[in-house]
Every structure is written in C-alpha cells, then in structure tokens.
Amino acid sequence: GPRAGSRPPQEPELPLMLTTLTPMGYHTHVKEETRPWVALADADLAAAKVLLKEGLHAPSVFHCQQAIEKALKAIWVEARDEIPPRTHNLVDLARELDLLHDDWRAFLADLTNQAVATRYAGRGNYPGHVAQMYYLETEKLCVQLRQRLK
C-alpha cells in the first residue's frame, strides 16, 4: 500500500499498528478450515480502515464488528473443529470461547449493538472521532485475538 509519507499533509494520520504485523491470512500454520475465516477477518478490518479514511463512518463501524466476529469464528474453528454458530453477538461468541475478559465485555456489547444500528436509516450517525475510536479499539482487539491463533 501507499507509504505513510505519501498522504497529503492536511489528512489526519491514523495510527496503523497492523501495517507492522503479519496479516492473519498468512498464518499458514492454522488449520485449512480456519484460513477462510482469517482472510475474512483481515478483509473486514482493512475495509473498516479504508471506509474510515474516506469518511464513511457507519460502514466502517459495521466492518469493525464483522472483523471481530470473523476473528472469533476463526478461533472457534481452530479450537473446536466445527462450524461456528450463526450469531452476530460478539459477547456470546467470546463467552463460549472463554475469551470474555472484563476489559473487552463492554466494548464487545457496544460494538454488537452498533452493528445493528448501522443497518438502519437514521441510526448509526458517527462523528469521525467516534468512528476512529471504534476502529482503533477493533484493531487492538484483533491483534490480541490473532495471538490466540499462534
């Protein structure tokens, strides 16, 4: 992708921690069945970043929820050798995987609710700084979830 220095100087610089990490999709040591979930999680996180930079805040927040959902489902497949449940509730998924840490609980509950809100007209109107907060928290959580696949 473009280097950080190639952006116009007036554009606010987003902290992009993930540019220094191996994308989940390149984790060839995970099971074959896990890899598509990992690739989907990567794609949703990348989409959230692009949408945020383009000022498309509600779709960015939606893809934040999707990135975490698919990362949790990747962990589910890797750990349990079974198809993950058809739920979008991040709290339920994390709880089932024994990953519902107290410091994640409020964010996962909030993001689950936001993903529903972003699908309806008149809801999910986010100022840029709020959408950026969701993205940065999602990015941090994805980094931690990624460690679970090692």
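Residues numbered from 1 in each chain as written. Predicted model: local features only at pLDDT ≥ 70, side-chain atom pairs only at ≥ 80, totals over all residues. Heavy atoms only, no water.

### Some remarks on the nonpolar core
Link 1 in the chain: In terms of nonpolar packing, the biggest core is built from 36 residues, with Ile68, Leu72, Leu99, Leu108, Leu111 and Leu145 touching the most fellow members.
Link 2 in the chain: Taken together, the elements giving at least two residues each to this core come down to α1 (35–53), α2 (57–80), α3 (90–96), α4 (102–117) and α5 (128–147).
Link 3 in the chain: Among the elements that line this core, the one with the most residues is α2, at 10 residues.
Link 4 in the chain: Setting aside residues no more than four positions away along its own chain, leucine 99 makes contact with Leu72, Ile75, Ala94, Trp104, Leu145 and Arg148. (Core = buried A, V, L, I, M, F, W, Y, C linked by side-chain atoms within 4.5 Å. Buried < 20%, exposed > 50% of the residue type's maximum accessible area, 1.4 Å probe, protein only. Helix = DSSP H or I, 4+ residues; strand = E, 2+ residues; numbered from the N terminus. Contact = heavy atoms within 4.5 Å.)

### Let's talk about the pattern of salt bridges
Link 1 in the chain: For the coordinates displayed, the defined rule picks out 9 salt bridges.
Link 2 in the chain: Between lysine 73 and glutamate 69 there is a salt bridge, with its nearest N and O atoms 2.9 Å apart. Here lysine 73 and its partner glutamate 69 are both found in helix α2, 4 residues apart, which amounts to about one turn of the helix.
Link 3 in the chain: Overall, the relative accessible area of 6% leaves lysine 73 in the buried class.
Link 4 in the chain: For arginine 105, the salt bridge goes to aspartate 102, with nearest N and O atoms at 3.7 Å. (Salt bridge = Lys/Arg side-chain N within 4 Å of Asp/Glu carboxyl O.)

### Points about the packing of aromatic side chains
Between two aromatic rings, the relevant description is the distance of the centres plus the angle of the planes.
Link 1 in the chain: Counted according to the given criterion, the structure contains 2 aromatic pairs.
Link 2 in the chain: Ring geometry for tyrosine 126 and tyrosine 134: centres 6.0 Å apart, planes at 80°, overall edge-to-face.
Link 3 in the chain: What makes tyrosine 134 buried here is its relative accessible area of 5%.
Link 4 in the chain: Ring pairing ties together the aromatic residues Phe107, Tyr126 and Tyr134, which thus form one cluster. (Phe/Tyr/Trp six-rings, centres within 6.5 Å; stacked < 30°, edge-to-face > 60°.)

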